[in-house]
Amino acid sequence: MAHELKRELVAPAILRNVDLEREEIWQARVDLAACLRAAAQYGLEEGICNHFSALVPGHDDLFLVNRLGWAFEEATASSLLICDFGGNVLSGDGEPEATAFFIHARLHKMAPRIGAAFHTHMPNATALCMIEGEPLVWAGQTALKFYGRTAVDVDYNGLALDEGEGDRLASVLGGKDILFMRNHGVMVCAPNIAEAWDDLYYLERAAEVQLKAMSTGRPLMPVDPDIAEATAKQMREGDPESARLHLESLKRRLDVKSPDYRS
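Nothing here was measured: the structure is a model prediction, and the numbers come from that model.

1. Focus: the overall build of the protein
Then step 1. Across its full length, the protein carries six helices and eight strands.
Then step 2. Secondary structure elements in the protein, listed N-terminal to C-terminal, are α-β-β-β-β-α-β-α-β-α-β-β-α-α.
Then step 3. Taking the principal axes of the C-alpha coordinates as reference, the protein spans close to 60 × 40 × 30 Å.
Then step 4. In the protein, buried positions account for 49% of the 263 residues.
Then step 5. Nonlocal contacts in the protein, meaning residues at least 24 apart in sequence, comprise 72% of its contacts between residues at least 6 apart.
Then step 6. A total of about 12,400 Å² of accessible surface is found on the protein, and carbon and sulfur atoms cover 52% of it.

2. Here we look at the nonpolar core
Then step 1. Ranked by size, the top nonpolar core spans 54 residues in total, and within it Phe-52, Phe-118, Ile-193, Trp-197 and Leu-203 carry the most contacts.
Then step 2. The dominant element in this core, judged by the number of residues it contributes, is helix 1 (residues 23–41), at 11 residues.
Then step 3. Apart from residues no more than four positions distant in its own chain, Ile-193 is found in contact with Ala-28, Asp-31, Leu-32, Cys-35, Ala-54, Ala-116, Phe-118 and Leu-247.
Then step 4. Ile-103, Ala-111, Leu-169 and Cys-189 belong to the second largest nonpolar core, which has 14 residues in total.

3. Brief notes about helix 5 (residues 193–214)
Then step 1. Here helix 5 contains 22 residues, and its C-alpha end-to-end distance of 32 Å stays within 8% of the 32 Å for a straight helix at 1.5 Å per residue.
Then step 2. Among the residues of helix 5, the N-terminal cap falls to Asn-192, whose side-chain oxygen and the backbone nitrogen of Ala-194 are separated by 3.3 Å.

4. Notes on the packing of aromatic side chains
Then step 1. By the definition in use, this model includes nine aromatic pairs.
Then step 2. For the ring pair Phe-63 and Phe-85, a centre distance of 6.0 Å and an interplane angle of 25° mean the geometry is stacked. Of the two residues, Phe-63 is situated in strand 2 (residues 59–65) and Phe-85 in the loop between strand 3 (81–84) and strand 4 (89–91); the sequence distance between them amounts to 22 residues.
Then step 3. According to the relative accessible area criterion, Phe-63 is buried, its value standing at 0%.
Then step 4. Since its relative accessible area comes to 15%, Phe-85 is described here as buried.
Then step 5. Taking the centre distance of 5.1 Å and the plane angle of 75° together, the rings of Trp-138 and Tyr-147 count as edge-to-face.
Then step 6. A relative accessible area of 17% places Trp-138 in the buried class.
Then step 7. Classification of Tyr-147 as partly exposed rests on a relative accessible area of 25%.

5. A look at unusual backbone geometry
Then step 1. One non-glycine residue, Trp-138, lies in positive phi territory at about 60°.
Then step 2. By the secondary structure assignment, Trp-138 is in the loop between helix 3 (123–128) and strand 6 (150–153).
Then step 3. In this structure, Asn-183 takes a positive phi of about 60° despite not being glycine.
Then step 4. Structurally, Asn-183 is set in the loop between strand 7 (178–181) and strand 8 (185–190).
Then step 5. Asn-183 gets classed as exposed once you look at its relative accessible area, which sits at 51%.

6. Considering the pairing of strand 5 (residues 116–120)
Then step 1. Among the five residues of strand 5, five are classified as buried, and the element is accordingly described as predominantly covered.
Then step 2. Going residue by residue along strand 5, you find Ala-116, Phe-118 and Thr-120 tucked away on one face and Ala-117 and His-119 tucked away on the opposite face as well.
Then step 3. One ladder, built from four bridges, connects strand 1 (residues 51–56) with strand 5; its direction is antiparallel. Bridge pairing in strand 5 links Ala-54 to Ala-116.
Then step 4. In this sheet, strand 8 lies alongside strand 5 in antiparallel orientation, the contact comprising five bridges. Paired with Ala-117 across the strands is Cys-189, a residue of strand 8.

Rules used in this analysis
- Residues numbered from 1 in each chain as written.
- Predicted model: local features only at pLDDT ≥ 70, side-chain atom pairs only at ≥ 80, totals over all residues.
- Heavy atoms only, no water.
- Helix = DSSP H or I, 4+ residues; strand = E, 2+ residues; numbered from the N terminus.
- Buried < 20%, exposed > 50% of the residue type's maximum accessible area, 1.4 Å probe, protein only.
- Contact = heavy atoms within 4.5 Å.
- Areas by Shrake-Rupley, 256 points an atom, 1.4 Å probe, with all protein chains shown as cover.
- Core = buried A, V, L, I, M, F, W, Y, C linked by side-chain atoms within 4.5 Å.
- Expected span 1.5 Å × (residues − 1).
- Polar contact = N/O pair within 3.5 Å; in protein donor to acceptor, adjacent residues only side chain to side chain.
- Phe/Tyr/Trp six-rings, centres within 6.5 Å; stacked < 30°, edge-to-face > 60°.
- Pairing = 2+ DSSP bridges.

Below, the structure written as structure tokens:
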């Protein structure tokens, strides 16, 4: 289901005095590769069709993204591509997947607050995109991490193979962080890679326990809205540091099991 990016050939942007090999850029490569590997280990990816992106540190007009044809499990720091918003590959061997480009380039361009955007068809969260009503019921503590932060795209239009669809999705997301895409999957947006990973992981866990509770056939018990809002605020206050620690823990485990992600 992956698609090649077809576009008119244009000359790459001329980058004068731009060093794309700086240490902070390499660290972003390592962090994004770690998230891709971990998503594969947790079963959050779908074949070669899902994609993670992050703005290149120091360059708000360039973004890192995984390459077409490679599964998340194969990702390494050096395999990631650096692209501009015109679809030109400025660093890396390969091309971005078409829907990855048209969704992620437009998200990053239209909403500079988005430092990282993770799109998956992870099974439990995607299942909530396929049922009527609001995806999350706010009945579990983990779900409250996302209270007031979700948007729902109710207009499934097929594959995102043009800039217009990418712009539409960015518009539906608005100022929210999580986009439930009806009949499709989810998009998790955050200021940085660590927070995107943290949200992606806990979103799937929240969806999983909700579906298990729903499978009993018994009514769910939502948390009182005032308490839900207060709890969400508590969680958000600690999220940046918790997310950083979560990513560091993830990398320590990968360093033991599959250290080649750093290569």
